[in-house]
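If you want the building blocks of each chain, they are given just below.
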Amino acid sequence: MVSKHFGESWCHEHLADQGLIQLLEKVDTDLVQEARLKGCLLCGGKLHRSDCERKPRGGPQWDVRFSLCCSREGCRRRHTPASVRFMGRRVYAELVVVLVSAVLHGLKPERVHCLREALGIDRRTLERWRQWWLGIFQESSFWREARARFMPPLCHKTMPLPLCVSFEVERRDRLLDLLKFLAPITTPTAWKGLVM
Ligand SMILES: [Zn+2]
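Residues numbered from 1 in each chain as written. Predicted model: local features only at pLDDT ≥ 70, side-chain atom pairs only at ≥ 80, totals over all residues. Heavy atoms only, no water.

Brief notes about the coordination of the zinc ion
- For the zinc ion, the full set of protein donor atoms is C40 (SG), C43 (SG), C70 (SG) and C75 (SG), and the range of their distances to it is 2.2 to 2.3 Å.
- Between the four donor atoms coordinating the zinc ion, the angles at the centre fall across 98 to 113 degrees, so the site counts as tetrahedral.
- Between the donor residues of the zinc ion, the gaps in sequence give the motif C-x2-C-x26-C-x4-C. On the criterion of sequence distance, the pair formed by C40 in the loop between helix 2 (18-38) and strand 1 (47-49) and C70 in strand 4 (residues 68-70) is long-range, its members being 30 residues apart.
- Take C70: its relative accessible area is 0%, and that puts it in the buried class. (Donors = N, O, S within 2.8 Å, 3.2 Å for Na, K, Ca; no water. Tetrahedral: all angles 85-135°; square planar, octahedral: opposite > 155°, others 65-115°. Helix = DSSP H or I, 4+ residues; strand = E, 2+ residues; numbered from the N terminus. Buried < 20%, exposed > 50% of the residue type's maximum accessible area, 1.4 Å probe, protein only.)

Given below as structure tokens:
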């Protein structure tokens, strides 16, 4: 029997962890409540919930991304807060994008094939993610600022694997910390600068 790559096992464990799935939804609930309390950033008006239908491809079984809308006539601006579940307009859950992109580095091609089959992700999608982590993500203002806190500097050729290793994401609470760390780039506004 071929032994599994170390990252592959925590990747599978996290993706099957229903407690984690619920926890992420809870964190997003907190994030939307915090944003609601701040009110409309444009006019100071009250915000009300106006969630957007979002079902991540291949699961987890989430139905909506939490969002807010200004209640003031003439403004009605939508405010979609940061999330630990959804990453901009990506159709897969952030958890999947991060973990799968990380474990790809170091996996043999046949294991990559198994992982793709198991999660129903096509080759081009994986390649797009890889390119994004190696290019746009690292050139983003978010990462240019954030990378300074990692000493020694993280290997840029295998991102996001070194991020996962640095956060010790085999632990559920540390994985949550990583997703919170990345949350600022998940809003539609931030995402505009992060797409190819
Ligand atoms: Zn407003």
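Notes on the layout of surface pockets
- What the largest pocket holds in volume is close to 460 Å³.
- Among the elements that line the lining of the largest pocket, the one with the most residues is helix 2, at four residues.
- Here the residues of the lining of the largest pocket sort into eight nonpolar, five polar and five charged.
- Its volume calculated, the second largest pocket comes out at about 200 Å³.
- Lining the second largest pocket are 13 residues; nearest its centre among them are R54, R65, G88, R89 and P188.
- Of all the secondary structure elements, the ones that give two or more residues to the lining of the second largest pocket are strand 2 (52-53) and helix 10 (188-192).
- Element by element, the count of residues in the lining of the second largest pocket is highest for helix 10, at three residues.
- Per-class residue counts for the lining of the second largest pocket are four nonpolar, four polar and five charged. (1 Å grid on protein atoms, 1.4 Å probe; cavity = no way out; pocket = protein on both sides within 12 Å on 5 of 7 lines; lining within 4 Å. Points joined across faces, edges and corners; volume = space filled by probe spheres on them. Nonpolar A, V, L, I, M, F, W, Y, C, P; charged D, E, K, R; others polar.)

Focus: the packing of aromatic side chains
- Using the criterion set out here, one finds 13 aromatic pairs in the structure.
- Each ring, one from W132 and one from F137, has its centre 5.6 Å from the other, and the planes form 40 degrees; the classification is tilted.
- Ring geometry for F137 versus F142: centroids 6.3 Å apart, planes at 50 degrees, classification tilted. As far as the burial class goes, F137 and F142 line up, both buried.
- A network of ring pairs unites the aromatic residues W132, W133, F137, F142, W143, F150, F167, F181 and W191 as a single cluster. (Phe/Tyr/Trp six-rings, centres within 6.5 Å; stacked < 30°, edge-to-face > 60°.)

As for the confidence of the model for the protein chain
- Confidence along the protein chain averages 92 in pLDDT terms, with 96% of residues attaining 70 or more.
- Across the protein chain, element-level confidence peaks in strand 4 with a mean pLDDT of 98 and bottoms out in helix 1 (residues 6-15) with 83. (pLDDT = per-residue confidence, 0-100.)

Some details on the environment of L37
- Structurally, L37 can be placed in helix 2.
- Separated by 74 residues in the primary sequence, L37 and R111 have C-alpha atoms spaced 46 Å apart.

Re empty space enclosed by the protein
- Enumeration according to the criterion identifies one cavity of 30 Å³ or more in this entry.
- Estimated volume of the largest cavity: approximately 40 Å³.
- What lines the largest cavity is D28, R65, F66, P81, A82, S83 and R85.
- Partitioned by chemical class, the residues of the lining of the largest cavity number three nonpolar, one polar and three charged.

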